[in-house]
Every structure is written in C-alpha cells, then in structure tokens.
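Reading the structure
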Amino acid sequence: MRCVSARLDPSWKVLASPSTPAVDRCVDIFRRPDGTFGFEEFRRDPEDMGAWTPVAYYSERTFASEVDATAAARQLVPWLATVLD
C-alpha cells in the first residue's frame, strides 16, 4: 500500500512503503529526481477519515542511497525494524 501526503513532492518516486500489520503507520522510502533518497513516516487515524498524515519532517533529510535512507528510517522510526525483519 502506498502512502500519499502533500508533504511528498509528486516528482519523488516511492520505492517502498512498509506498514504496520494494522496498516495505521507506514514509511515511504523515495528517490528524488536529483538522485538523492529520503523517507517519511505517516500515520492513519479513524478521526482523520483514513487520510495519511506525516508524523515528522524526515522527508527533509537527504541520503546518497536507498540503503542509507532505509537504515536511517530503521533508527528513527521505532516500529520499522520489527516490520522489516
């Protein structure tokens, strides 16, 4: 499932979007047109009518590779390692 938010520039290509088993949180790993990578964490709550809402401003960070972006996301997003392992 791909998360969609106004925070992500439409020119960024989402490469992966792992989510919790309840599909109430996800992380988008993306590539920008300039070749850099990044990630953003989102949550989805019933009171928001199911809209994905960014949790932090991680998308402002820049990484040289998808591997680097994913490693940083693992460190910063507490639940992600459990989902990816």
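Just so it is clear, the structure is predicted and the values come from calculations on it, not from any experiment.

A separate point is the pattern of salt bridges. Per the stated rule, a full pass over the model turns up three salt bridges. Put simply, Arg25 and Glu41 hold a salt bridge, and the shortest N to O gap is 3.2 Å. In this pair, Arg25 is assigned in strand β2 (residues 25-31) and Glu41 in strand β3 (residues 37-44), connecting sequence segments 16 residues apart.

Despite not being glycine, Val23 has its phi angle at roughly 55 degrees, a positive value. With respect to the element layout, Val23 can be found in the loop between β1 (13-16) and β2.

Once that is clear, we can look at the nonpolar core. Core analysis: the biggest nonpolar cluster contains 13 residues, and Val27, Ile29, Phe39, Phe63, Ala73, Val77 and Leu80 have the highest contact counts within it. Taken together, the elements giving at least two residues each to this core come down to β2, β3 and α1 (66-76). With residues near it in sequence (within four places) discarded, Ile29 still touches Lys13, Val14, Leu15, Ala16, Gly38, Phe39, Glu66, Ala69, Thr70 and Ala73. One finds Leu8, Val14, Cys26 and Trp52 within the second-largest nonpolar core, a separate group that totals seven residues.

Okay, the sheet that holds β2 next. Read from one edge of the open sheet, four strands run β1-β2-β3-β4, paired in antiparallel fashion. Only two strands of the sheet have a single neighbouring strand rather than two, namely β1 and β4 (52-54). Averaged over all pairs of adjacent strands, the angle between strand axes in this sheet comes to 45 degrees, irrespective of strand direction. The sheet contact formed by β1 and β2 spans three bridges and is antiparallel.

Another aspect to go through is the side chain of Arg32. Tracing the backbone shows Arg32 in the loop between β2 and β3. The buried charged residue Arg32 lacks any salt bridge, with Asp34 as its nearest oppositely charged partner at 5.4 Å. A distance of 2.9 Å separates the side chain of Arg32 from the backbone oxygen of Phe37, its partner in a polar contact. In this structure, Arg32 is in contact with Trp12, Phe37, Gly38, Ser59, Glu60, Arg61 and Thr62, ignoring residues within four places of it in sequence.

Per the stated rule, a full pass over the model turns up three aromatic pairs. Here the aromatic rings of Trp12 and Phe30 are separated by 4.5 Å at their centres, their planes lie at 10 degrees, and the arrangement is stacked. Of this pair, Trp12 sits in the segment before β1 while Phe30 sits in strand β2, placing them 18 residues apart in sequence. Note on accessibility: Trp12 and Phe30 belong to one class, buried.

Conventions we followed
Residues numbered from 1 in each chain as written. Predicted model: local features only at pLDDT ≥ 70, side-chain atom pairs only at ≥ 80, totals over all residues. Heavy atoms only, no water. Salt bridge = Lys/Arg side-chain N within 4 Å of Asp/Glu carboxyl O. Helix = DSSP H or I, 4+ residues; strand = E, 2+ residues; numbered from the N terminus. Core = buried A, V, L, I, M, F, W, Y, C linked by side-chain atoms within 4.5 Å. Buried < 20%, exposed > 50% of the residue type's maximum accessible area, 1.4 Å probe, protein only. Contact = heavy atoms within 4.5 Å. Pairing = 2+ DSSP bridges. Axes fitted to C-alpha atoms, helices over the stretch in contact; angles between N-to-C directions. Lys, Arg positive; Asp, Glu negative; His and termini not counted. Polar contact = N/O pair within 3.5 Å; in protein donor to acceptor, adjacent residues only side chain to side chain. Phe/Tyr/Trp six-rings, centres within 6.5 Å; stacked < 30°, edge-to-face > 60°.

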